[in-house]
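Spelled out, the chains give:
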Amino acid sequence: MKLSADDFQVRGKLIENATLAPYTWFRVGGPADLLFLPADEDDLSTFLKALPEDVPVTTLGVGSNIIIRDGGIEGVVIRLAGGHWGQIEQINGTTLHARAGALDIAVAKSAARFGIGDLSFLSGIPGSIGGAIRTNAGCYGRELKDVLNQVEAYDRHGQRHVFQGTLVDYDLPQVGFSYRHTDFPSDLTITGVLLSGEPDGDTQALLAEIKDHQARRAETQPIRDKTSGSTFANPDPPGTPNQRSAWKLIDAAGCRGLRVGGAQVSEKHCNFLINTGDARASDLEALGELVRARVLETSGVELRWEVRRIGRLRTEEA
């Protein structure tokens, strides 16, 4: 069905046939039939309640870990980023509440300023906290599941749900947390989380740790290019004896610097794909599949995409 912004009474912004490339770190991708930038949770709920049930809904954060295909996305894209959606507040001495659009590095720095330890690892994760929860993102030996104790979300009908658990044994129904993966229901829009760290952290020491993480990323990753986070998950979870790294397998397969159209495997870190300036989403996806094929041929390992690929192929590619 044809969606019109005039069909909905919202306080946020509705854009028809909205180009999505500027909202992603790769700067590629076709349009959304309708893009919704909700003002807050109530605005989001009102919109979802009014949206016809057969219209697909896709949630987008800051677009760090995603390839939106060149044909765009059918239905509605809901983007939670900036302003209200970036708010972070301290709940008590060890707990933060962050809305889904809060940047991971902002959460890490806020925790440090509040003297909450054990959350500095978030500074090494590109993107926003809502997306990090979806994929159980992590780095430096820590994952979101290690510090997560509550997830707030809205279902397709605009009803709010709160999933609670402990830091070890989750009571979150239907959700399984594993290495770079969750079974969080795809029809739920995550709007906020509670994260718990360690008490009495030294603010200056924590900020210094974050600064070190950022310096390490700048030295080893192509963070100034049009890129995302790591393209493929490591074949083995952290702590596995003789753990295999995706980048080492990619390098051994001779893929460093490999190109398809405007997409290239980074020379700096070969588990990163980059848009050299004129790449299409199809270039990036084709390059990723070529890398996977070469790694499978040379090592027998089938790499798993960590970057989400969503949307429609262009008509001529379908």
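None of the values given here were measured: they were computed from a predicted structure.

Trainee: How should the overall build of the protein chain be read in this particular structure?
Mentor: The number of helices and strands found in the protein chain is six helices and 21 strands. For 318 residues, the compact-globule estimate of 2.2 N^0.38 gives 20 Å, and the protein chain sits close to it at 20 Å. With the C-alpha coordinates aligned to their principal axes, the bounding extent of the protein chain is approximately 55 × 55 × 35 Å. Out of the 318 residues belonging to the protein chain, those deemed buried represent 53%. Of the roughly 14300 Å² that the protein chain leaves accessible, carbon and sulfur atoms contribute 46%.

Trainee: Before we go on, may I ask you to explain the nonpolar core in this structure?
Mentor: Nonpolar side chains tend toward joint burial in soluble globular proteins. Grouped together as the largest cluster of nonpolar side chains are 32 residues, with contacts concentrated most on L119, L122, L144, F184, V193 and L195. Put simply, the parts of the chain that give this core at least two residues each are β7 (95-99), α2 (104-113), α3 (129-135), β10 (148-154), β14 (189-196) and α4 (203-220). With four residues, α2 is the single largest residue contributor to this core. In this structure, I67, C255, A279 and L303 belong to the second largest nonpolar core, which totals 24 residues.

Trainee: Would you take a moment to explain the pairing of strand β3 (residues 57-60) for this structure?
Mentor: In regular strands, side chains alternate between the two faces of the sheet. Judged by which residues are buried, β3 turns out to be one-sided: T58 and L60 face inward and are buried, whereas V57 and T59, on the alternate face, are not. Judged from the four bridges that link them, β3 and strand β5 (residues 73-79) form a sheet pairing that is parallel. Paired with T58 across the bridge in β5 is V77.

Trainee: Where do I start with the packing of α2 against α4 in this structure?
Mentor: Pairs of packed helices are described in terms of their axes, by the angle between the two and the distance that separates them. Where α2 contacts α4, the axes come no closer than 8 Å and their chain directions differ by 155°. The orientation of α2 relative to α4 falls into the category roughly antiparallel. Residue-level contacts link I105, A108, K109, A112 and R113 of α2 to T203, L206, L207, I210 and Q214 of α4. Each residue belonging to the contact of α2 with α4 can be placed in one class, and the counts come to six nonpolar, two polar and two charged.

Trainee: Mind showing me how you'd approach the environment of T276 here?
Mentor: As for its position among the elements, T276 is in the loop between β19 (273-275) and α6 (281-299). In this structure T276 comes out as partly exposed when scored by relative accessible area, which is 37%. Separated by 77 residues in the primary sequence, T276 and P199 have C-alpha atoms spaced 44 Å apart. Among residues more than four places away in sequence, those in contact with T276 are R259, G262 and Q264. A polar side-chain atom of T276 sits 3.3 Å from a polar atom in the side chain of R259. Polar side-chain contacts of T276 include one of 2.8 Å to the backbone oxygen of G262.

Trainee: Please explain the sheet that holds β5 as it appears in this structure.
Mentor: Paired through their backbone hydrogen bonds, the strands of a sheet run either parallel or antiparallel. Taken in spatial order, the four strands line up as β1-β2-β5-β3 in an open sheet, and their pairing is mixed. Every other strand in the sheet has two partners, leaving β1 (13-19) and β3 as the edge strands with one partner each. Here the average twist between neighbouring strands, direction ignored, is 30°.

Trainee: Would you mind showing me how to read the sheet that holds strand β11 (residues 160-164) here?
Mentor: Spatial ordering of the open sheet is given by β6-β7-β14-β10-β11, a layout of five strands whose pairing is antiparallel. If you trace the sheet from one side to the other, it starts and ends with β6 (88-90) and β11, each paired once. For this sheet, the mean angle separating the axes of adjacent strands, direction not counted, is 15°. The pairing of β10 with β14 spans six bridges and is antiparallel. Bridge pairing in β14 links V151 to V193. Sheet strands in contact with helix α1 (residues 41-50) are β7, β10 and β14, and its direction is about 45° off that of β10.

Parameters at a glance
Residues numbered from 1 in each chain as written. Predicted model: local features only at pLDDT ≥ 70, side-chain atom pairs only at ≥ 80, totals over all residues. Heavy atoms only, no water. Helix = DSSP H or I, 4+ residues; strand = E, 2+ residues; numbered from the N terminus. Rg over C-alpha atoms; globule rule 2.2 N^0.38 Å. Buried < 20%, exposed > 50% of the residue type's maximum accessible area, 1.4 Å probe, protein only. Areas by Shrake-Rupley, 256 points an atom, 1.4 Å probe, with all protein chains shown as cover. Core = buried A, V, L, I, M, F, W, Y, C linked by side-chain atoms within 4.5 Å. Pairing = 2+ DSSP bridges. Axes fitted to C-alpha atoms, helices over the stretch in contact; angles between N-to-C directions. Parallel < 35°, antiparallel > 145°, perpendicular 65-115°, else oblique. Contact = heavy atoms within 4.5 Å. Nonpolar A, V, L, I, M, F, W, Y, C, P; charged D, E, K, R; others polar. Polar contact = N/O pair within 3.5 Å; in protein donor to acceptor, adjacent residues only side chain to side chain.

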